[in-house]
Amino acid sequence: MSAPVWKVTEGHLPLVISIPHGGELLPDWLVPRLTPAARERADTDWHMRRLYAFAAEQGASVVEASYSRYVIDVNRPGDGSSLYPGQATTTLCPVETFRGEPLYLQGDGPSAGEIDVRKREYWQPYHDALAAEIARLRGRHANVLVWEAHSIAGVLPRLFDGKLPELNIGTHGGASCAPAMRDAVIAAAAGSPFTWVADGRFKGGHITRHYGQPARGVHTIQLEMVQAVYMDEQAPFPYLPDAAERVQPVLRDMLDGALAAMAAL
Ligand SMILES: [Zn+2]
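Computed from a prediction, not measured in an experiment: that's the story for all the values here.

Trainee: When you look at the pattern of salt bridges in this model, what are you seeing that I'm missing?
Mentor: Side chains bearing opposite charge may pair, as long as their charged atoms lie close to each other. Taken as a whole and judged by the stated rule, the model has 12 salt bridges. Among the ionic pairs, Glu24 bridges to Arg41, the shortest N-O distance being 3.9 Å. Here Glu24 is found in the loop between β2 (15-19) and α1 (36-40), whereas its partner Arg41 is found in the loop between α1 and α2 (48-51), with 17 residues between them in sequence. Judged by relative accessible area, which is 38%, Glu24 ranks as partly exposed. For Arg158, the salt bridge goes to Glu96, with nearest N and O atoms at 2.7 Å. On the criterion of sequence distance, the pair formed by Arg158 in the loop between β4 (144-152) and β5 (167-170) and Glu96 in the loop between β3 (61-65) and α4 (112-138) is long-range, its members being 62 residues apart. Here the salt bridges share partners, and the residues they tie into one network are Asp45, Arg69, Asp73 and Arg76.

Here it is in structure tokens:
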């Protein structure tokens with residue numbers, strides 16, 4: 001492996017910006033097996049670090065995956081179980097893009113043995129790093145917020161009907177954070193010019209569900225944002241600074257509201 005599987009920036013606030021799908025790297029050993037569609041990495045949560053740079057500047061920690069979700073999806077359970085039983089969703093080691101294009105030239109997705117290797121070399125070290133950063137902050141603060149920063153194309157018929165609301169707040173149906181924190185994030189979304197939903201199609205992935213343990217002082221909230229809000233959804237997927245500057249104050253309101261509610265617990 002040529003690059004570390006994660007990047008961690010340590011902050012001082014009780015806040016982790018978690019970016020499990022921002023990784024753009026494809027390992028050299030994998031590239032020859034991949035289709036041109038796979039190499040485009042269209043399903044990346046593009047530009048998350050740049051969009052949330054304001055939070056890091058204020059003292060948030062950032063934990064980000066280096067490698068593409070096409071290698072292994074660190075936001076899926078390690079046992080391969082579905083996040084949304086009965087609905088179309090993407091898997092631990094996907095073999096298709098969100099649009100149903102094959103990722104592998106010969107249809108040769110990873111075997112169970114290869115998936116185990118990827119779990120050991122990519123999935124587990126990422127979770128070890130995330131857990132360590134949460135533990136470091138919990139050592140300094142009574143409560144910590146893990147903000148799951150995601151983005152996705154707004155229209156994907158294989159995954160959901162119609163057009164997705166622009167801001168999709170996920171708290172595992174309210175189980176992953178204190179109720180007042182969920183309420184504060186909803187209030188910020190409701191006061192914004194963007195369309196939103198809470199615990200709709202996207203309720204939070206593995207990280208939201210696994211690490212969110214409010215009684216133990218770890219609160220998780222996922223924000224799945226429609227990419228057109230801040231970037232061009234067509235390749236090469238450029239960041240649109242003017243558009244981003246319109247949503248960043250809303251992100252700031254959401255984070256500030258959740259942190260204020262957490263401080264009052
Ligand atoms: Zn994502």
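Trainee: I tried to follow the coordination of the zinc ion on my own but got confused; where do I start?
Mentor: The reference angle at a metal is 109.5 degrees if four donors form a tetrahedron and 90 or 180 degrees if six donors form an octahedron. Taken together, the protein ligands of the zinc ion are His21 (ND1), Asp45 (OD) and His150 (ND1), with distances of 2.1 Å. Counting along the primary sequence, the residues that act as donors to the zinc ion give the motif H-x23-D-x104-H. Linking His21 in the loop between β2 and α1 with His150 in strand β4, this pair joins segments that are 129 residues apart in sequence.

Trainee: Where do I start with the pairing of β3 in this structure?
Mentor: Consecutive side chains along a regular strand alternate between the two faces of the sheet. The buried fraction of β3 amounts to 5 of the 5 residues, a majority that puts the element mostly inside the structure. The alternating pattern of β3 places Ser61, Val63 and Ala65 and Val62 and Glu64 on opposite faces, both of which are buried. By the bridge criterion, 4 bridges tie strand β1 (residues 6-9) to β3 in an arrangement that is antiparallel. Bridge pairing in β3 places Val8 opposite Val63. Bridge analysis of β2 against β3 gives 4 bridges, and the strand direction is parallel. Bridge pairing in β3 places Ile17 opposite Val62.

Trainee: Honestly, the packing of aromatic side chains in this entry has me stumped. Any pointers?
Mentor: Where two aromatic rings form a pair, the distance of their centres and the angle of their planes describe that pair. Counted under the stated rule, the structure contains 6 aromatic pairs. Each ring, one from Tyr52 and one from Phe54, has its centre 6.2 Å from the other, and the planes form 25°; the classification is stacked. Take Tyr52 and Phe54: they sit in the same class, and that class is buried. Here the aromatic residues Trp29, Tyr67 and Tyr122 are joined through ring pairs into a cluster of three or more. Against the face of Phe202 rests Arg201, its NZ or CZ located 4.9 Å from the ring centre.

Trainee: Would you mind showing me how to read the packing of helix α5 (residues 179-190) against helix α7 (residues 241-263) here?
Mentor: Axis angle and axis distance: for two packed helices, these are the angle between their axes and the distance between the axes, and together they describe the pair. Put simply, α5 and α7 touch, their axes get as near as 8 Å, and they point 155° apart. Considering their axes alone, α5 and α7 lie roughly antiparallel with respect to each other. Where α5 crosses over α7, the handedness of that crossing is right-handed. Of the residues in α7, those in contact with Ala180, Met181, Ala184, Val185, Ala188 and Ala189 of α5 are Val250, Asp253, Met254, Gly257, Ala258, Ala261 and Met262. The residue makeup of the contact of α5 with α7, split by class, is 11 nonpolar, 1 polar and 1 charged.

Rules used throughout
- Residues numbered from 1 in each chain as written.
- Predicted model: local features only at pLDDT ≥ 70, side-chain atom pairs only at ≥ 80, totals over all residues.
- Heavy atoms only, no water.
- Salt bridge = Lys/Arg side-chain N within 4 Å of Asp/Glu carboxyl O.
- Helix = DSSP H or I, 4+ residues; strand = E, 2+ residues; numbered from the N terminus.
- Buried < 20%, exposed > 50% of the residue type's maximum accessible area, 1.4 Å probe, protein only.
- Donors = N, O, S within 2.8 Å, 3.2 Å for Na, K, Ca; no water.
- Pairing = 2+ DSSP bridges.
- Phe/Tyr/Trp six-rings, centres within 6.5 Å; stacked < 30°, edge-to-face > 60°.
- Lys NZ or Arg CZ within 6 Å of the ring centre and 35° of its normal.
- Axes fitted to C-alpha atoms, helices over the stretch in contact; angles between N-to-C directions.
- Parallel < 35°, antiparallel > 145°, perpendicular 65-115°, else oblique.
- Left-handed = near helix turned anticlockwise from the far one by under 90°.
- Contact = heavy atoms within 4.5 Å.
- Nonpolar A, V, L, I, M, F, W, Y, C, P; charged D, E, K, R; others polar.

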